[in-house]
Amino acid sequence: MQKYFIIIATLFLLASCNKWFDVKPEDQVTKDELFKTESGFMEALNGVYTACAHEELYGLELAAGLPEVLAQNYHFEPNDRDAYKQTSLYNYTDLRFTDRRDKVWRRTYTAIANCNLILENINNGTPFTDVNRQLIHGEALALRAYLHFDMLRLFAPSFASAPTGKAIPYVTTFSNIVTPMSTVTEALNSMVADLTAAKELLKPTDPILKGAYVVGYPSDTASKELVSPVLFQQNRRHRLNYYAVCGTLARVYLYLDKKQEALSNAKEVIDAKKFPFTKEQDFINADVKLKDRIMYPELVFCWYDNWHTGLYAKRFETGFAGFYIKADAGDKLYEKGGVGGEDRRFKQWFNLINDNSMVRYELLKYKRDKETNRHPLVHPAIRLSELYYIAAEASWDTDPAKAQEYLNLVRAARGINVPVNTTSKTIFIDELVKEVRKETYAEGQLFYLYKRLNRGILMETGAITPPSDKVFVLPFPNDELEYGQR
């Protein structure tokens, strides 16, 4: 049995109060000591976020790594020795794949265990000030659901494929007792329950819901994300805030094929008008100190990770040793010769490299400059655009015109002024999938979309890998019994 522990992210040694998350895990304490004080709960929860931003989870692997390789978004040469080559061929017996998979599973369930430890102690009588108890309680519930959802999307058949099929253990206690396997539907319903409870806790308490909380760049005077005198209540978008919980619920409901519930939660984020589409002048600005490569204002939730700048430089800026896409495949992806000719994402995110051996594009989305960047290095977790995509898909059956309006709003915000206009649901979904692929490149979402829709995976050659659980369902780790697998 693995010995679980709480990772401490020390808040009180920071030189600047608005840098509260710019720390690394550095200590272990007993739960009795940790949960005697409000600050102990804060440290424990921040430790979970820090652990999730590790390179083996959302600091690389579950963001720009494993799901993107499975979605065929990168190029690998036939004799490529990169650790991901066999993964791109769906060779799930490859030792480099199994090692990576096991680390993802282990770290995720350790983070879940730490959420459970927080939840089991949150009402232990420790005094709290202001609304911090409700914030911690709600975020821990939401984190537990969010993490389980990604494990289900990797290791279980989709709801559309096998709603009663074996899924994952949905672990809700901090214990060495084996957790029984849930079916796909049972696990998804548990996520809905956790996220619904989180919404109820956060709705009356989350500072992001206040009109005075204005989303923006850290250096801008108009931004009001750092003004709270309570350090723990700043930078709510770096945490599973109320709107992020709505976004996660929209994802889960759409996976359950409950379109009206998905639409309701997506619209709650859209209609709040809290997250503006990034201004064109910010996205294309030639001055790197004023440039926003990641479209920061419209991130509803992101994993904060300012200590892995070198890791991303190594992964995306090292030529054939890194992640890249062949130029012809990139041109097709963004429809360069057609409606995508003015797509700002294509122009700003990709750098054409021609070294005579291969013409390729290197990704600039996560590039860090020697000068001060306009925003911290973060990994997008939930974008405003995703909520529009969910609303579009969920609306089609009852209001195709509104569905297309949602999709076309995002296209227009990216510089595509040719609207989708069709009476065919098949064509509409095709266009929606293309837009998701463009928008979330190197963010880890496309593979899950293919899987949910039971859709063939488009290869860079133009061929299609047919939908199959042999591709979509990753085998469980070898040490699965440690976490309750049967």
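Higher on the page you've got the structure.
Attention here is on the structure that accompanies the text. (Residues numbered from 1 in each chain as written. Predicted model: local features only at pLDDT ≥ 70, side-chain atom pairs only at ≥ 80, totals over all residues. Heavy atoms only, no water.)

Some points on the overall build of the chain
- Helix and strand content of the chain: 18 helices and 9 strands.
- For the chain, the C-alpha radius of gyration of 22 Å lies close to 23 Å, the compact-globule estimate for 486 residues.
- Counting all 486 residues of the chain, 61% fall into the buried class.
- A separation of at least 24 residues holds for 70% of the contacts in the chain among residues at least 6 apart in sequence.
- Surface accessibility of the chain: about 19,000 Å² in total, with carbon and sulfur atoms responsible for 52%.
- Computed over 61 positive and 62 negative side-chain charges, the inter-centroid distance for the chain is 1 Å. (Helix = DSSP H or I, 4+ residues; strand = E, 2+ residues; numbered from the N terminus. Rg over C-alpha atoms; globule rule 2.2 N^0.38 Å. Buried < 20%, exposed > 50% of the residue type's maximum accessible area, 1.4 Å probe, protein only. Contact = heavy atoms within 4.5 Å. Areas by Shrake-Rupley, 256 points an atom, 1.4 Å probe, with all protein chains shown as cover. Lys, Arg positive; Asp, Glu negative; His and termini not counted. Charge placed at Lys NZ, Arg CZ, Asp CG, Glu CD.)

Focus on the packing of aromatic side chains
- Under the criterion given, the structure shown has 38 aromatic pairs.
- The side chain of Arg237 reaches across the aromatic face of Tyr296, ending 4.3 Å from its centre. (Phe/Tyr/Trp six-rings, centres within 6.5 Å; stacked < 30°, edge-to-face > 60°. Lys NZ or Arg CZ within 6 Å of the ring centre and 35° of its normal.)

Focus: the pattern of salt bridges
- Taken as a whole and assessed by the stated rule, the structure comprises 40 salt bridges.
- Between Glu268 and Lys199 there is a salt bridge, with its nearest N and O atoms 3.0 Å apart. Pair noted here: Glu268 is in helix α9 (residues 259–272) and Lys199 is in helix α7 (residues 184–202), with a separation of 69 residues, a long-range link.
- Owing to a relative accessible area of 15%, Lys199 belongs among the buried residues under this scheme.
- A salt bridge links Lys259 to Asp257; its shortest N-O distance comes to 2.5 Å.
- Among the residues examined, Asp257 registers a relative accessible area of 48% and is labelled partly exposed.
- Here the residues in one salt-bridge network are Glu298, Glu335, Asp343, Arg345, Arg411, Arg414, Glu431, Lys434, Glu435, Lys438 and Glu439, joined through shared partners. (Salt bridge = Lys/Arg side-chain N within 4 Å of Asp/Glu carboxyl O.)

Some words on the packing of helix α2 (residues 38–52) against helix α5 (residues 95–121)
- Interaxial distance between α2 and α5 falls to 10 Å at its minimum, and their mutual angle equals 165 degrees. Judged by the angle between their axes, α2 and α5 are roughly antiparallel. α2 and α5 meet at a crossing whose hand is left-handed. Contacts between α2 and α5 involve Phe41, Ala44, Leu45, Val48 and Cys52 on the former and, on the latter, Ala111, Asn114, Cys115, Ile118 and Asn121.
- Grouping the constituent residues of the contact of α2 with α5 by class yields 8 nonpolar, 2 polar and no charged. (Axes fitted to C-alpha atoms, helices over the stretch in contact; angles between N-to-C directions. Parallel < 35°, antiparallel > 145°, perpendicular 65-115°, else oblique. Left-handed = near helix turned anticlockwise from the far one by under 90°. Nonpolar A, V, L, I, M, F, W, Y, C, P; charged D, E, K, R; others polar.)

Concerning the nonpolar core
- Of all hydrophobic cores here, the largest spans 116 residues; its most connected members are Leu152, Ile168 and Leu188.
- When residues of this core are assigned to their parent elements, the largest contribution, 14 residues, is made by helix α6 (residues 132–155).
- In contact with Leu152, other than residues within four places in its own chain, are Ala167, Ile168, Val184, Ala187, Leu188, Met191, Tyr255 and Lys451.
- Formed by 36 residues, the second largest nonpolar core is a distinct cluster that contains Ala64, Phe346, Tyr366 and Leu377. (Core = buried A, V, L, I, M, F, W, Y, C linked by side-chain atoms within 4.5 Å.)

Quick notes on the state of the cysteines
- Under the counting rule described, the total for this entry stands at 0 disulfides.
- You can see Cys52 has no disulfide; the closest cysteine sulfur is in Cys115, sitting 6.8 Å from it.
- We classify Cys52 as buried; its relative accessible area is 0%. (Disulfide = S-S within 2.5 Å.)

Observations regarding the sheet that holds strand β5 (residues 350–354)
- On the basis of which strands lie adjacent, the open sheet formed by 3 strands has the order β4-β6-β5 and antiparallel pairing. Pairing within the sheet leaves two strands with one partner each, and these edge strands are β4 (325–326) and β5.
- With 2 bridges joining them, β4 and strand β6 (residues 359–363) adopt antiparallel strand pairing. In the strand pairing of β6, Lys326 is matched with Arg360. (Pairing = 2+ DSSP bridges.)

Things to note about the environment of Thr398
- Within the secondary structure, Thr398 is located in the loop between α14 (384–395) and α15 (400–413).
- By relative accessible area, Thr398 is classed as exposed at 60%.
- Here the alpha-carbon distance between Thr398 and Pro229, two residues 169 residues apart in the chain, equals 46 Å.

Thoughts on the environment of Tyr90
- Note that Tyr90 resides in the loop between α4 (85–88) and α5.
- In sequence terms Tyr90 and Leu290 are 200 residues apart; their C-alpha atoms lie 41 Å from each other.
- Beyond its immediate sequence surroundings of up to four residues, Tyr90 is in contact with Leu70, Gln72, Ile457, Thr465 and Val471.
- Among the polar contacts listed, one links the side chain of Tyr90 to the backbone oxygen of Leu70, at a separation of 2.6 Å. (Polar contact = N/O pair within 3.5 Å; in protein donor to acceptor, adjacent residues only side chain to side chain.)

Structural notes on helix α3 (residues 61–70)
- Counting buried positions over the 10 residues of α3 gives 10, a clear majority of the element.
- Residue Gln72 follows α3 closely and has a positive phi angle near 65 degrees.

Things to note about the packing of α5 against α6
- For the pair α5 and α6, the least separation of the axes is 9 Å and the interaxial angle reads 155 degrees. Taken together, the axes of α5 and α6 are roughly antiparallel relative to one another. Note on packing geometry: the crossing formed by α5 with α6 is left-handed. Here Arg101, Val104, Trp105, Thr108, Tyr109, Ala111, Ile112, Cys115, Asn116, Ile118 and Leu119 of α5 come into contact with α6, specifically with Ile136, His137, Ala140, Leu141, Leu143, Arg144, Leu147, His148, Met151 and Phe155.
- In terms of residue class, the contact of α5 with α6 is built from 15 nonpolar, 4 polar and 2 charged.

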